[in-house]
Amino acid sequence: LSNSPVSHIPHMALICVRARTEPCVSSRDSTGVCLDSDAVEYTQIKPFAGMPKEVLLLYSSQARYRVPREILFWLTVACTLALVALSITVIALSPRCLSWWQVSPVYQVYLRSFKDSDGDGVGDLQGLQEQLHHFQYLNIKSVWITPFYRSPMRDFGYDVEDFKAIDPLFGTMHNFEELLAEMHSKGLKLIMDFIPNHTSDKHRWFNLSRTRDEHYKDYYVWADCNATAPKPNNWVSVFGNSSWTYDEVRGQCYLHQFLKEQPDLNFRNPHVRKEMIDILHFWLGKGVDGFRMDAVKHLLEATHLRDEPQVDPNKPPDSVTSEWDLHHDYTTSQLGLHDLLREWRAEMDKFSREPGRYRFMVTESYDYHEVDKTMMYYGTTLVKESDFPFNFYLLDLPQNTSGLWVQHLVHLWMSNMPRGQWPNWVVGNHDKPRITSSAGRRYIHVINMLLLTLQGTATTYYGEEIGMENINVTQSQIQDPAGKYNASASRDPQRSPMQWSGDMNAGFNNKTNITWLPVHPDYSRVNVEAQKKEEGSLLAQYRFLNTLRQSELPLQRGWFCFVHADINVFSYLRELDGLDRAFLIVLNFGKESAVTDLSTVSELPDQLMVLMSTDRENDGKVLHKSRILTAAGEGLVIQYSTYTRFNPSHPMQCYVSEKACYLAAIDILYKC
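Residues numbered from 1 in each chain as written. Predicted model: local features only at pLDDT ≥ 70, side-chain atom pairs only at ≥ 80, totals over all residues. Heavy atoms only, no water.

## Side note on the overall build of the chain
Phase 1: If you tally the helices and strands in the chain, you get 17 helices and 26 strands.
Phase 2: For the chain, with 672 residues in total, the buried portion stands at 54%.
Phase 3: For the chain, contacts bridging at least 24 residues in sequence account for 68% of all contacts bridging at least 6.
Phase 4: Entry remark: accessible area of the chain is about 29,600 Å², with carbon and sulfur atoms responsible for 54%.
Phase 5: Averaging the coordinates of the 66 positive side-chain charges in the chain and doing the same for the 80 negative ones gives two points 5 Å apart. (Helix = DSSP H or I, 4+ residues; strand = E, 2+ residues; numbered from the N terminus. Buried < 20%, exposed > 50% of the residue type's maximum accessible area, 1.4 Å probe, protein only. Contact = heavy atoms within 4.5 Å. Areas by Shrake-Rupley, 256 points an atom, 1.4 Å probe, with all protein chains shown as cover. Lys, Arg positive; Asp, Glu negative; His and termini not counted. Charge placed at Lys NZ, Arg CZ, Asp CG, Glu CD.)

## Some remarks on the UniProt feature "transmembrane region" (unreviewed entry) in the chain
Phase 1: The sites that UniProt annotates as "transmembrane region" (unreviewed entry) are residues 71–93.
Phase 2: Measuring from the first to the last C-alpha atom of residues 71–93 gives 32 Å, for a span that is 100% helix and 0% strand. (UniProt positions renumbered as here; feature names shortened; annotations may be inferred.)

## Topic: the pattern of salt bridges
Phase 1: Tallied over the entire structure, the rule returns 31 salt bridges.
Phase 2: Close ionic contact of Asp-155 with Arg-491 constitutes a salt bridge, the shortest N to O distance being 3.1 Å. Of this pair, Asp-155 sits in the loop between strand 5 (149–150) and strand 6 (162–166) while Arg-491 sits in the loop between helix 14 (481–485) and helix 15 (528–532), and the two are 336 residues apart along the sequence. For the pair Asp-155 and Arg-491, one class covers both residues: buried.
Phase 3: Note that Asp-294 and Arg-292 form a salt bridge whose closest N and O atoms lie 2.8 Å from each other.
Phase 4: On the basis of relative accessible area, Arg-292 is assigned to the buried category, the value being 2%.
Phase 5: Linked through salt bridges whose partners overlap, the residues forming this network are Asp-155, Asp-431, Asp-480, Arg-491 and Arg-495. (Salt bridge = Lys/Arg side-chain N within 4 Å of Asp/Glu carboxyl O.)

## Some remarks on the state of the cysteines
Structurally, a disulfide amounts to a covalent bond that connects the sulfur atoms of two cysteines.
Phase 1: Within this structure, the stated rule accounts for 3 disulfides.
Phase 2: The disulfide partner of Cys-225 is Cys-253, and the S-S distance across this bridge is 1.8 Å. Judged by the torsion about the S-S bond (95 degrees), the Cys-225/Cys-253 disulfide is right-handed. Here the residue Cys-225 occupies a position in the loop between strand 8 (222–223) and strand 9 (244–247), and Cys-253 occupies one in strand 10 (residues 252–255), the gap between them amounting to 28 residues. (Disulfide = S-S within 2.5 Å.)

## Digging into the pairing of strand 11 (residues 290–293)
Phase 1: Taking every second residue as pointing to the same face, both faces of strand 11 are buried, with Gly-290 and Arg-292 on one and Phe-291 and Met-293 on the other.
Phase 2: Examined bridge by bridge, strand 11 and strand 12 (residues 360–363) share 4 bridges and lie parallel to one another. Note that in strand 12 the partner of Phe-291 across the bridge is Met-361.
Phase 3: The parallel pair strand 11 and strand 12 is bridged by helix 9 (residues 337–350), and the resulting crossover is right-handed. (Pairing = 2+ DSSP bridges. Right-handed = clockwise from strand over helix to strand, strands pointing away.)

## So, the packing of aromatic side chains
The description of an aromatic ring pair uses the distance of the two centres, along with the angle that the planes make with each other.
Phase 1: By the definition in use, this model includes 43 aromatic pairs.
Phase 2: Measuring from centroid to centroid gives 4.0 Å for Tyr-366 and Phe-392, while their planes differ by 10 degrees, and the two rings are stacked. Note that Tyr-366 is positioned in the loop between strand 12 and helix 10 (371–375) and Phe-392 in the loop between strand 13 (388–389) and helix 11 (403–416), a separation of 26 residues in sequence.
Phase 3: A centroid spacing of 6.2 Å and a plane angle of 50 degrees characterise the contact between Tyr-393 and Trp-413, whose relative ring orientation is tilted. Taken together, the residues Tyr-393 in the loop between strand 13 and helix 11 and Trp-413 in helix 11 connect sequence positions 20 residues apart. Each member of the pair Tyr-393 and Trp-413 is classed as buried.
Phase 4: Three or more aromatic residues joined by ring pairs form one cluster here, namely Phe-148, Tyr-149, Phe-163, Phe-176, Trp-205, Tyr-216, Tyr-219, Phe-282 and Trp-283.
Phase 5: Positioned over the ring face of Trp-516 is Arg-112, at 4.4 Å from the centre of the ring.
Phase 6: Positioned above the aromatic ring of Tyr-137, the side-chain terminus of Arg-543 is 4.1 Å from the ring centre. (Phe/Tyr/Trp six-rings, centres within 6.5 Å; stacked < 30°, edge-to-face > 60°. Lys NZ or Arg CZ within 6 Å of the ring centre and 35° of its normal.)

## Overview of the environment of Ala-302
Phase 1: Mapped onto the secondary structure, Ala-302 falls in the loop between strand 11 and helix 9.
Phase 2: When near neighbours in sequence (up to four residues on either side) are disregarded, Ala-302 contacts Trp-235, Arg-268, Tyr-330 and Gln-334.

## Quick word on the side chain of Glu-575
Phase 1: Checked against the element boundaries, Glu-575 lands in strand 17 (residues 569–575).
Phase 2: One buried charged side chain, Glu-575, makes no salt bridge at all; its nearest oppositely charged neighbour is Arg-645, positioned 4.3 Å away.
Phase 3: Looking at Glu-575, its side chain comes within polar contact range of the main-chain nitrogen of Phe-646, at 3.0 Å.
Phase 4: Polar side-chain contacts of Glu-575 include one of 2.8 Å to the side chain of Asn-647. (Polar contact = N/O pair within 3.5 Å; in protein donor to acceptor, adjacent residues only side chain to side chain.)

## Remarks on the UniProt feature "domain: Glycosyl hydrolase family 13 catalytic" (unreviewed entry) in the chain
Phase 1: Cross-referencing UniProt, the feature "domain: Glycosyl hydrolase family 13 catalytic" (unreviewed entry) maps to residues 108–495 in the present numbering.
Phase 2: Helix makes up 27% of residues 108–495 and strand 12%, and the two end C-alpha atoms of the span are 12 Å apart.

## As for the sheet that holds strand 8
Phase 1: If you walk across this open sheet you meet the 3 strands as 8-10-9, and the pairing is antiparallel. Strands with a single pairing partner mark the edges of an open sheet, and in this sheet they are strand 8 and strand 9.
Phase 2: Two elements, strand 9 and strand 10, share 4 bridges in a ladder whose sense is antiparallel. Of the residues in strand 10, the one forming a bridge with Tyr-246 is Cys-253.

## What about the sheet that holds strand 24 (residues 654–655)?
Phase 1: Taken in spatial order, the 7 strands make up an open sheet running 21-20-23-18-17-16-24, and their pairing is antiparallel. Because the sheet does not close on itself, it has two edges, and the strands there are strand 21 (622–624) and strand 24.
Phase 2: Pairing of strand 20 (residues 607–613) with strand 21 involves 3 bridges; the strand directions are antiparallel. The residue of strand 21 that forms the bridge with Met-609 is Val-622.
Phase 3: Contacts from helix 11 reach strand 16 (559–565), strand 17 and strand 24, with the element oriented near 150 degrees to strand 16.
Phase 4: Relative to strand 20, helix 16 (residues 538–551) is tilted by about 125 degrees, and along the sheet it contacts strand 18 (581–588), strand 20 and strand 23 (635–641). (Axes fitted to C-alpha atoms, helices over the stretch in contact; angles between N-to-C directions.)

## Concerning the environment of Leu-538
Phase 1: Within the secondary structure layout, Leu-538 lies in helix 16.
Phase 2: The spacing of Leu-538 and Asp-167 is 371 residues in sequence and 35 Å in space, taken between C-alpha atoms.
Phase 3: Setting aside chain neighbours within four positions, we find Leu-538 in contact with Ile-444, His-445, Asn-448, Glu-464, Glu-465, Ile-466, Gly-467 and Gln-531.

## Quick word on the environment of Gly-536
Phase 1: Structurally, Gly-536 can be placed in the loop between helix 15 and helix 16.
Phase 2: Sequence separation of Gly-536 and Gly-123 is 413 residues, and the distance between their C-alpha atoms is 30 Å.
Phase 3: Not counting chain neighbours up to four residues away, the residues in contact with Gly-536 comprise His-445, Gln-541 and Arg-616.

## Thoughts on the packing of helix 6 (residues 173–185) against helix 8 (residues 270–286)
Helix-helix packing is characterised by the crossing angle of the two axes and by the distance between the axes.
Phase 1: Interhelical geometry of helix 6 versus helix 8 gives an angle of 55 degrees and a closest axis separation of 11 Å. On the basis of their axis angle, the class for helix 6 and helix 8 is oblique. Listed contacts from helix 8 to Met-173, Phe-176, Glu-177 and Leu-180 of helix 6 are Phe-282, Trp-283 and Lys-286. (Parallel < 35°, antiparallel > 145°, perpendicular 65-115°, else oblique.)

## Overview of unusual backbone geometry
Phase 1: For Phe-156, which is not glycine, the phi dihedral falls at a positive 50 degrees.
Phase 2: The topology assignment puts Phe-156 in the loop between strand 5 and strand 6.
Phase 3: In this structure, Leu-305 takes a positive phi of about 60 degrees despite not being glycine.
Phase 4: The residue Leu-305 is located in the loop between strand 11 and helix 9 in this model.

This is the structure we're talking about:
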């Protein structure tokens, strides 16, 4: 058989094969071998390489081979189904990941004052690009930049002449695109100011509207009047005096809720609405990550143009010249406002479909005691508007520096915020005095600690991280149009150049000795470079707290629970169900040292260790919960270990945007 087709069969195989010379009266296999039906049965114990199909089938049908094969098949099917089911379960039970605008504070850059790159005394886009490392140092992810559109600068960029062009004062479109590209390469997000309520009176639309161009004639709000007759009604501008100005070209009055150089757009005109959507598309197409919607409550006015009721009915109508003299029933928060915002939100969502490219929207509206109006900007459970409206209530903090007052301001927002929404906290911006000046330097450390340990997203106005203060501006130095109308209302003091170093002009302008506003005289001591070298500086504490917040789940997305408030101290917990660690925050906003007794809080261990104090000497101290000592203006972050949670037994004192629990066994979060 050495040359036969079955010569490859091992000698152990006992297959009886007839000789080639004998006739085959039985059957042949595929190789031509004659198999004798009367031959000895096949007795090979193991399969062998190259066996014929008929031989293989003899094995495959045997139970010893068939059963394991079927077991492996069904195990594979079962494991696949289990993995699919587990994946679906994990996805279904996992809470939504925090978006980029929730992870870190939003840092506001007032562009004119941030960094001057060309020596003209005004900050610009290239100057901002040079300082991007500052945001990385602070672990900031989101940067909001004030307007840089082409503008006559009557209101420093909030009077837009061309929404699709960069003002040469700040640079070029190429500069902007380079800035945006570098920000994205560094993991930073850019939020622009969107100014929909009005344009500049130099805008092409306004020039065409005042000449009654057929397409543009109703782009603005016009009413009959003449140069000498009374204005259409008693409406008053935010900056004071009548909201109406007579235009000689058109022979009518136009509405302006701000400066007379800022005519209000008519959003009841569908062409205007389309124009603004086109502007959104233009910047979103360039890759902008979000918008701060400016002055949204002013977008619509009542069409009947009736007089607004006076706050003091006995005041002579001729003396009504301030926005505080009227109840703004017909010029703010009109029916249809939220339809506009939802429309813009929907357009932004079209650009949010790419993974990791969510487009953020925040609204600005000062509603004062009408907090319910502010909450409407969150939208509804069915239709979304802004990711959050700016929370301006902490701007009132300097009115009464006490623990009870701070708790009241925090509770005001948390108790009115719709369920499942995300809070925001603001203590300063380009329109309000710097918190260091209004509250006092001794409190800036504890205020920053408050912002960075509350639930939600803090907004940091440039310079707050180093404790910059208002500057003194003389009458001749006033730049702000509001200040030119009323010197006490000037916003220039909080807009002074950023203090980078102790060099000339605080490092804001290193090329010439020019700054558009004076630099604060304390710049040699209060600056970024100096505070980087000082371990206990305000800058170092800001950086530590921001990093801690981003690394600790309880501070990121855990429960926020009030535990104590008195004339001096405001204290709260940050905890996450299932996690063995939590944080106690103790903040002294009072005027004197205080001892806080938390012995009634049974969920706290008796001994507590200070993770961080605004007074470095107290870092690492062990305190008893019945005697927690803080000096005026001191804040403590205390980390402790426990599985006993405060929130289940105190639901009226606790808030969470989206409840989540931690499963230590597999290190995941799940909905609970």
